[in-house]
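Examination of the molecular architecture
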Amino acid sequence: MSEQNTVLEQLLAQALTEVKTDDLKTLNDVRVKYLGKKGPIQEAMKAMKDLAPEERKAFGQLVNTVKSEIAEAVEAQTTALEQAAIVQRLANETIDITLPARHLHTGGVHPLQQVVDDITQFFRSMGYEAAEGPEVETDFYNFEMLNLPHDHPARDMQDSFYVDPHRLLRTHTSGVQARTFEARGEDQLPIKVICPGKVYRRDDDDATHSHQFMQIEAFIVDENVSMANLKGTLQALARHLFGSDREIRLRPSFFPFTEPSVEVDVSCAKCNGTGCNVCKQTGWIEILGAGLIHPNVLTMTGFDTEKVSGFALGMGVERIAMLKYGIEDIRHFYVNDVRFLQQFKR
Ligand code: PHE
């Protein structure tokens, strides 16, 4: 009897050391080993029936004590290990709120779009409405309705990309003039429209030429529109773009769809007209083409030129942006180098 007691006490001591593992799976193995169906406690209980009745009670109590002590130890260790695991996880998942935030890259409006927005806003403030036309344009609107019939030599000024014999990538935004006149007619005067957009010409790309570029067209049709109105508008535009001290100069020119036609120069903003490298020592910089709308253009879309007249002007957006910001190569606009673009972030 006392021999069995000693065995049980050793068993308990042994079990209590093995319980002190820090691995949950090992701990479960320990539980099965001592408390399982084939374990020593179970064996001891079976052995009880062979004992004398007077010994049975004390032995039974001892077995039960050992059993519950082991069970409690296993239970306590399980809780401790699970608790430790949670503490560990919390420590690992801690967010360091003192870390600086990740840098967010924000974009900006492209410099060409800034110029388009600025000029559009300028014309809107004078009562113009914005219009758009198709980039794949018909020969009819790009040329014919602008007084440029087939075989007219002036078509050579605008070398073009044809899609088929009757359609091409528009070479200028002037086609929107004919489209607008047709749509509006004489009973909806005044017509005051601004039209920005992409245009295309077969050109060899270099520092000042690109096969795709942008233009802004502005035109007006009403009673008594004169060269004086055009000149006033051009001067206001030049001063809006390049500063209130600017003067303009009109030189006679030729466009089939305007008569008279002019090239417009603005006094150089860098040297104030005295001559420098920007204006090639002339004091003047050419910025756009303009003129009074040719009577043929108005007649073709059904206007009575005895009653109405108009002016039109067209400018290259890239050219204006290059002059405004001192950009020396047109290709900078198209390669999307952030080092270039970032300089125009507002
Ligand atoms: N369409 C002409 C061009 O692209 C510019 C222009 C527009 C000239 C309107 C006169 C009037 O060269």
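This section reports on the structure supplied with the text.

Conventions and cut-offs
Per-chain numbering applies: the sequence of each chain, read as written, is numbered from 1 onward. The predicted nature of this model means local features are confined to residues of pLDDT at least 70 and side-chain atom pairs, given and counted, to a pLDDT of 80 or more, with totals for whole chains, interfaces and linings taken over all residues. Neither water nor hydrogens contribute to the side-chain values; these are computed over all heavy atoms in the structure. Runs of H or I in DSSP of at least four residues are treated as helices and runs of E of at least two as strands, each being numbered from the N terminus. Think of it in three bands: residues with accessible area under 20% of the maximum for their type are buried, residues over 50% are exposed, and the middle band is partly exposed, with areas taken using a 1.4 Å probe on protein chains only. Residue contacts follow a heavy-atom distance rule, with two residues in contact if any of their heavy atoms lie within 4.5 Å. Whenever two N or O atoms come within 3.5 Å, that pair is a polar contact, provided that in protein one can donate a hydrogen and the other can accept it, and provided that, for residues adjacent in sequence, both atoms are side-chain atoms. A molecule or strand has a residue near it when one of that residue's heavy atoms lies within 4 Å. We get accessible surface area from the Shrake-Rupley algorithm with a probe of 1.4 Å; when it comes to residues, only the shown protein chains can shield them. Each patch is built from salt-bridge-free residues with over 30% relative accessible area, joining like charges within 9 Å and nonpolar side chains (Val, Leu, Ile, Met, Phe, Trp, Tyr) within 5 Å. Salt-bridge detection follows one rule: a side-chain nitrogen of Lys or Arg within 4 Å of a carboxyl oxygen of Asp or Glu. Just so you know, the count uses Lys and Arg for positive and Asp and Glu for negative, and it drops His and the chain ends. The atoms used to mark charge sites are NZ of Lys, CZ of Arg, CG of Asp and CD of Glu. Pairing of aromatic side chains requires ring centres within 6.5 Å, counting the rings of Phe and Tyr and the six-membered ring of Trp. Pairs whose planes differ by under 30 degrees are stacked, by over 60 edge-to-face, and all others tilted.

**What to know about the environment of Thr171**
Structurally, the position occupied by Thr171 is in the loop between strand 4 (167-169) and helix 7 (175-184). A residue is classified by how much of its surface remains accessible, and Thr171, at 0% relative accessible area, is buried. Sequence separation between Thr171 and Glu135 is 36 residues; the distance between their C-alpha atoms is 8.8 Å. Excluding anything up to four places from it in sequence, Thr171 contacts Asn142, Phe143, Gln158, Asp159, Ser160, Val199, Tyr200 and Arg201. In terms of polar contacts, Thr171 uses its side chain to reach the side chain of Gln158, at 2.4 Å.

**A closer look at the site of the ligand**
Of all residues adjacent to the ligand, which total 14 residues, the nearest are His172, Ser174, Arg201, Gln215 and Gly314. Arg201 has a polar side-chain atom sitting 2.8 Å from an oxygen atom of the ligand. Interatomic distance of 2.9 Å between a side-chain N/O atom of Gln215 and an oxygen atom of the ligand. Considered on its own, the ligand offers 330 Å² of accessible surface; in the complex 92% of this is hidden by protein. Mapped by element, the contributors of at least two residues to the shell around the ligand are strand 6 (212-223), strand 9 (284-293) and strand 10 (308-316). Here the element with the most residues in the shell around the ligand is strand 10; it accounts for 3 residues.

**Some details on a negative patch on the surface**
There is a patch of like negative charges on the surface, built from Glu69, Glu72, Glu75 and Glu82. With respect to the helices and strands, the residue Glu82 is situated in helix 4 (residues 53-92).

**As for the pattern of salt bridges**
In the structure shown here, the tally under the stated rule is 17 salt bridges. In this structure, the salt-bridge partner of Lys33 is Glu18, at a minimum N-O distance of 3.0 Å. Taken together, the residues span a long stretch of sequence, with Lys33 in helix 2 (residues 24-35) and Glu18 in helix 1 (residues 2-19) at a distance of 15 residues. The class of Lys33 is partly exposed, set by a relative accessible area of 44%. We note a salt bridge from Glu247 to Arg239, for which the minimum N-O separation is 3.3 Å. Among the residues examined, Glu247 registers a relative accessible area of 39% and is labelled partly exposed. Taken together, the salt bridges that share partners define one network made up of Arg249, Arg251, Asp265 and Glu286.

**A look at the environment of Met227**
For Met227, the location among the structural elements is in helix 8 (residues 227-242). For the pair formed by Met227 and Leu292, sequence separation is 65 residues and the distance between their alpha carbons is 6.7 Å. When near neighbours in sequence (up to four residues on either side) are disregarded, Met227 contacts Leu250, Pro260, Val262 and Leu292.

**Things to note about the packing of aromatic side chains**
The geometry of two aromatic rings is summed up by the distance between their centres and the angle between their planes. With the rule as written, the count across this model stands at 10 aromatic pairs. Aromatic side chains Phe122 and Phe123 sit 5.3 Å apart centroid to centroid with 85° between the ring planes, which places their arrangement in the edge-to-face category.

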